[in-house]
Amino acid sequence: MGSKRDWSFKSAPQSAAEARALKINRGRMLGGSSSINSMVWFRGRADDFDGWNLPEWSWDKVQPAFEQVEARITPQRLPDPHALSEAFGHTLGSNGVAPPTPERESAGVFHTNMRNGRRWSAADAFLRPGIQTGRLTVITGANTDRIELEDGVAKHIHLTDGRKITARRGIALSTGSIGSPSILMRSGLGPAQHLRDLGIEVARDIPGIGQNLHDHPAIGLHHAGPNSGYGLTADQALAWALSPLQWLLARKGRMTSNFVEAGAFFRAAPIGPNGDARPDVQTHFIPYMMGYQGKAITRGSGYFADICVCRPKSRGALTLASKDPNAAPNIDLGVFSDGSDLEILVHGLKRLREVLASAPFEHLSAPEVFPAATAQTDEEFADYIRSRCGTAYHPVGTVHMGGEEAPLTPEMRIRGVESLWVADASVMPKITSANTNAPSMMIGHRAAEMISRALKS
C-alpha cells in the first residue's frame, strides 16, 4: 500500500471527521485489491444477501457460488499466527481452529486466501489459469478511458494510449467501486447534468451511477510495551534477519503474517427496540507495533486492534473532477453523515477496551498508549474518532443493483444499455458485514454465470 502498485486515492475532506481527507488504497496491478489487501476471508452474514431483496442474490443463491470460488481459492487458517493473535482468539469464547463469524459474537484467528505461506490472489486463482487456456489475452500497462456505444450497444473500449478495442459480444467492467463509475461517466453514462458540466456527451442519463458510496468506518486502540508484539526492537533483530530463511525452508514465521491476523465480531450498541442483537462491529487484531504519532511503522513492540461498523448507514458519492482519465475522481465517503455510525464506534471502542483488558495475553500484555487517558467519556471518544478514523478500505455501492431506479439490473447489466455488465464491489446495494474480499470474488463468479446465460439466449 502506498507504492506504485496502489492507486492511492484520497477522499474529499470529510466534514464530520474534522475535514480530513481519508486514504483510499486500491490495487493497481493484476488481481486488483486482492493483490495488496490483508487477504482476510469472510463471506458475510446470510441476511446481508437476503437483505438486498433481490431473488437472484439471496443467500440460497450466493452460497453455491461462494463454495465454487473457495474450491479454487482454498481459504485456510493463517499458518503461523503470533501468540498474541492466538490468545485474542479466546476473548469471546474459543472457536477452535474456526475463524470468527459475523453470525454471532465470536473471536479467532482469521482465515485467508494464502497458499504455501504466500498470497493467492484473484489473479493467481482465476486470471493466470485463464491465460494458460489460450482463450484469454491480458494487456498490461494500459488503462481504460471510456466505453463507446453504437445504437445503445456497448461496442468499443478506448484506452488511454489511443488504442481502441472492439467487442464482438459484450463488455464486462470490473474495475471496482472507484474505477467502474469513473469509466462509465467518462463514457456518457451517469447523471446527465454532471456530465454536461464537464463537457461529456450524454449517452444515457443514469442518476444512480456514482451514488450510494459507502465503506466500513474504522478506529483503533494502540498498545505498546517490551516483549509484546512484533516490532522494530534490538531483541527482535535476529528473528527478523532469519525470517526470510525460515519462510524459504519451512513456510513459517513472521514472513507468513498477513499483518491482520485475528479478530472478532461483537455487539457494541445497546440492543434496539426491535430486538436486534446482531454483532454490529468487527475487530481486526494486529500483533505489530503501529505508529500513532505520524509514521505508520515505528520503533518499539506492541499491538493494535480496531473496530469497524458492520452495516454503516452513512452514504457518500463519487463524481468526476474532469473528463481526463488520468485525473482522480472526487470521492466523498460521507463518513458519519448518519450519526448512528459514530455512536456505534463510541460504544465499540469502550467494549473493545474491555475485551483487550481481559484477553489472556499473560506475559505478552502491554498497556494502552493511545488514546489511553485522553478518551474516557463518550464525548472524548467521539472527538478521538472524528480526529483519527479511517475506513477498512472496503468501498462499495457506486453502481448498485436493484429495481428500476438502480443503475444496474439484478442480472448485472447497465440499465438501458445492451452488452455492458459490471462485476465488482460497486454492484452491492448494501455492504456486507465483514471484509469484502470474498464477496467481491463471489460477485465475479455470479457475473460469469449470468453473462454466459445472457449470451446463450
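The coordinates are above.
Read on for a plain summary of the structure. Quantities reported herein were computed from a predicted structural model and do not represent experimental measurements.

What counts as what
Residues numbered from 1 in each chain as written. Predicted model: local features only at pLDDT ≥ 70, side-chain atom pairs only at ≥ 80, totals over all residues. Heavy atoms only, no water. Axes fitted to C-alpha atoms, helices over the stretch in contact; angles between N-to-C directions. Helix = DSSP H or I, 4+ residues; strand = E, 2+ residues; numbered from the N terminus. Parallel < 35°, antiparallel > 145°, perpendicular 65-115°, else oblique. Contact = heavy atoms within 4.5 Å. Nonpolar A, V, L, I, M, F, W, Y, C, P; charged D, E, K, R; others polar. Buried < 20%, exposed > 50% of the residue type's maximum accessible area, 1.4 Å probe, protein only. Pairing = 2+ DSSP bridges. Salt bridge = Lys/Arg side-chain N within 4 Å of Asp/Glu carboxyl O. Arc of directions from axis to C-beta. Phe/Tyr/Trp six-rings, centres within 6.5 Å; stacked < 30°, edge-to-face > 60°. Lys NZ or Arg CZ within 6 Å of the ring centre and 35° of its normal. Expected span 1.5 Å × (residues − 1). Polar contact = N/O pair within 3.5 Å; in protein donor to acceptor, adjacent residues only side chain to side chain. Patch = residues over 30% accessible without salt bridge, like charges linked within 9 Å, V, L, I, M, F, W, Y side chains within 5 Å. Areas by Shrake-Rupley, 256 points an atom, 1.4 Å probe, with all protein chains shown as cover.

Right, let's talk about the packing of helix H2 (residues 59-73) against helix H4 (residues 122-132) for a bit. Direction vectors running N to C along H2 and H4 enclose 80 degrees, while the axes themselves pass 9 Å from each other. The angle between H2 and H4 places the two elements in the roughly perpendicular class. In this structure, H2 contributes Val69, Arg72 and Ile73 to the contact, and H4 contributes Ala125, Phe126 and Pro129. Looking at side-chain class alone, the contact of H2 with H4 contains five nonpolar, no polar and one charged residues.

Below, the discussion takes up the pairing of strand E14 (residues 217-224). Buried residues dominate E14, accounting for eight of its eight residues. Neither face of E14 is left uncovered, since the one carrying Pro217, Ile219, Leu221 and His223 and the one carrying Ala218, Gly220, His222 and Ala224 both have all their residues buried. Bridge count between E14 and strand E22 (residues 390-391): two bridges; the pairing is antiparallel. When the sheet's bridge partners are listed, Ala218 is paired in E22 with Gly390. Of the strand pairs in this sheet, E14 and strand E18 (residues 300-309) are connected by seven bridges, and their pairing is antiparallel. Residue pairing across strands places Ala224 opposite Gly302, the latter belonging to E18. Looking at chain direction, E14 and strand E21 (residues 368-370) are connected through two bridges and run antiparallel.

Now for the pattern of salt bridges. For the structure shown, the criterion picks out 21 salt bridges. In this structure, Arg45 and Asp47 form a salt bridge, with 2.9 Å as the shortest nitrogen-oxygen distance. For Arg415, the salt bridge goes to Glu404, with nearest N and O atoms at 3.8 Å. With Arg415 in the loop between E22 and strand E23 (420-422) and Glu404 in the loop between E22 and E23, the pair connects residues that are eleven residues apart, well separated along the chain. For Arg415, a relative accessible area of 15% puts it in the buried group. The exposed category is assigned to Glu404, whose relative accessible area is 69%. Residues joined in a network through salt bridges with shared partners are Arg45, Asp47, Glu103, Arg267, Asp276, Arg278 and Asp280.

Bringing helix H9 (residues 378-388) into the picture now. Those residues of H9 not exposed but buried are Phe381, Ala382, Tyr384 and Ile385. Down the axis of H9, the smallest arc covering the buried residues is 160 degrees, so these residues share one side. Lining the buried residues of H9 we find E14, helix H8 (339-358) and E21.

Per the stated rule, a full pass over the model turns up 17 aromatic pairs. A ring pair is formed by Trp59 and Phe66, whose centres lie 6.1 Å apart and whose planes are at 40 degrees; its orientation type is tilted. The structure contains a cluster of three or more aromatic residues connected by ring pairs, namely Phe49, Trp52, Trp57, Trp59 and Phe66. Geometry around Trp7 places Arg28 over its ring, the cationic atom sitting 3.9 Å from the centre.

Looking along the chain, the bond that leaves Phe370 and enters Pro371 is cis, with omega of 5 degrees. The topology assignment puts Pro371 in the loop between E21 and H9. Phi angles above zero are rare outside glycine, and Asn212 is one such case at about 65 degrees. For Asn212, the position within the fold is in the loop between strand E13 (204-205) and E14.

Before going further, it helps to spend a moment on H2. With 15 residues, H2 should cover 21 Å at 1.5 Å per step; its first-to-last C-alpha distance of 20 Å lies within 8% of that length. Residues of H2 that are buried: Trp59, Val62, Ala65, Phe66, Val69, Glu70 and Ile73. The buried residues of H2 occupy an angular sector of 135 degrees when the element is viewed end-on, so they sit on one face. Opposite the packed face of H2, turned more than 90 degrees from it, sit the exposed residues Asp60 and Ala71. Buried positions along H2 lie against helix H1 (46-50), strand E6 (114-115), H4 and helix H10 (437-456).

One open sheet holds the three strands; their spatial order is E8-E9-E10, and the pairing between them is antiparallel. At either margin of the open sheet sits one strand with a lone partner, and together these are strand E8 (144-150) and strand E10 (164-166). The mean inter-strand angle of the sheet, taken between neighbouring strand axes irrespective of direction, is 30 degrees. Pairing analysis gives six bridges linking E8 to strand E9 (residues 153-159), with the strands arranged antiparallel. The residue of E9 that forms the bridge with Glu148 is His156.

Bringing the environment of Gln76 into the picture now. When you line up the elements, Gln76 lands in strand E3 (residues 76-77). Gln76 gets classed as partly exposed once you look at its relative accessible area, which sits at 38%. Once the C-alpha coordinates of Gln76 and Phe110 are considered, the two residues, 34 residues apart in sequence, prove to be 8.3 Å apart. Excluding residues that lie within four positions of it along the chain, Gln76 makes contacts with Phe110, His111, Thr112 and Met114. A polar atom in the side chain of Gln76 sits 3.3 Å from the backbone oxygen of Met114.

Moving on, we come to a nonpolar patch on the surface. A surface patch of nonpolar side chains, amounting to about 550 Å² of accessible area, comprises Leu238, Leu242, Leu245, Leu248 and Leu249. Note that Leu238 resides in helix H7 (residues 237-250).

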